[in-house]
Amino acid sequence: MFEPATGFPGRQTPVGWADGKDFDNMYMTSFIQSLIATGWEVRPAFTENGWLEVDTVHDLKIYEDLARDGLLIKFYDPDR
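Residues numbered from 1 in each chain as written. Predicted model: local features only at pLDDT ≥ 70, side-chain atom pairs only at ≥ 80, totals over all residues. Heavy atoms only, no water.

**Re the overall build of the protein**
Rules: Runs of H or I in DSSP of at least four residues are treated as helices and runs of E of at least two as strands, each being numbered from the N terminus. Partly exposed residues are those whose accessible area sits between 20% and 50% of the maximum for their type, while under 20% is buried and over 50% is exposed, using a 1.4 Å probe and protein chains only. Contacts are assigned to residue pairs with any non-hydrogen atoms lying within 4.5 Å of each other. Under the convention used here, a 1.4 Å probe and the Shrake-Rupley method define accessible areas, while residue burial counts only the protein chains that appear.
If you tally the helices and strands in the protein, you get two helices and zero strands. Buried positions account for 16% of the 80 residues belonging to the protein. Relative to all contacts within the protein whose residues are 6 or more apart in sequence, the contacts with residues 24 or more apart total 28%. Entry remark: accessible area of the protein is about 6500 Å², with carbon and sulfur atoms responsible for 57%.

Dropping the structure here:
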């Protein structure tokens with residue numbers, strides 16, 4: 001079922017969590033929720049200038065195409 005989160009032994013996740021994915025493939029939000037549910041203190045990390053989330057090679061390709069076309073700056077501007 002679930003092993004306590006002392007380093008996630010056995011790389012287990014709670015049943016029904018992680019969008020049906022195992023530990024190595026779960027979404028970051030599911031991982032953070034797992035930490036919260038097992039007693040970890042979680043705090044935000046504020047960012048400036050936007051941010052990008054890359055979950056797949058396809059996501060990366062989209063961002064590369066946007067950067068090439070000068071459109072990525074609408075989402076992320078490292079110089080702002």
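**Observations concerning helix α2 (residues 57-68)**
Heads up, the condition is: Here the expected length of a helix is defined as 1.5 Å per residue gap, with one fewer gap than residues.
With 12 residues, α2 should reach 16 Å at 1.5 Å per residue; the first-to-last C-alpha distance of 16 Å fits that figure. Backbone geometry just downstream of α2 places Gly70 in the positive-phi region, at approximately 75°.

**Quick notes on helix α1 (residues 28-37)**
How we decide: As used here, the arc is the angular range of directions from the helix axis to the C-beta atoms.
Ser30, Ser34 and Leu35 are the residues of α1 that are buried. Looking straight down α1, one finds that the buried residues subtend no more than 145° of arc, so they occupy a single side. Seen from the open side of α1, the exposed residues pointing more than 90 degrees away from its buried face are Met28 and Thr29. Remark: Gly39 follows α1 within two positions and exhibits a positive phi of approximately 100°.

**Quick look at a nonpolar patch on the surface**
To keep things clear, this is the line we draw: Only residues above 30% relative accessible area that lack a salt bridge enter a patch, with like-charged residues linked at up to 9 Å and the nonpolar side chains Val, Leu, Ile, Met, Phe, Trp and Tyr linked at up to 5 Å. By definition here, a salt bridge exists when the distance from a side-chain nitrogen of Lys or Arg to a carboxyl oxygen of Asp or Glu is within 4 Å.
On the surface, Met28, Ile32, Ile36, Trp40 and Val42 cluster together to form a nonpolar patch covering roughly 460 Å² of accessible area. Following the sequence through the fold, Ile36 ends up in helix α1.

**Topic: the pattern of salt bridges**
All told, the structure shown has four salt bridges when counted by the stated rule. Among the ionic pairs, Glu41 bridges to Arg43, the shortest N-O distance being 2.9 Å. For Glu41, a relative accessible area of 61% translates into the label exposed. Here Arg43 falls in the exposed class, since its relative accessible area comes to 67%. We note a salt bridge from Lys61 to Asp65, for which the minimum N-O separation is 2.8 Å. Here Lys61 pairs with Asp65, and both are found in helix α2, just four residues apart, close to one helical turn. Salt bridges sharing partners connect three or more residues here, namely Lys61, Asp65, Arg68 and Asp69.

**Focus: the confidence of the model for the protein**
Selection rule: A residue's pLDDT is the confidence the predictor assigns to it, expressed on a 0 to 100 scale.
Averaged over all residues, the pLDDT of the protein is 79; the fraction at 70 or higher stands at 78%. This stretch, residues 1-7, has a pLDDT under 50; its non-local contacts, to residues over four places away or in other chains, come to 13 contacts.

**Side note on the environment of Phe75**
With respect to the helices and strands, the residue Phe75 is situated in the segment after α2. Note on Phe75: relative accessible area 48%, which makes it partly exposed. When the C-alpha positions of Phe75 and Gly50 are compared, they lie 5.9 Å apart, and in sequence the two are 25 residues distant. The residues touching Phe75, leaving out its near neighbours within four places in the chain, are Asn49, Gly50, Trp51, Leu52 and Leu66.

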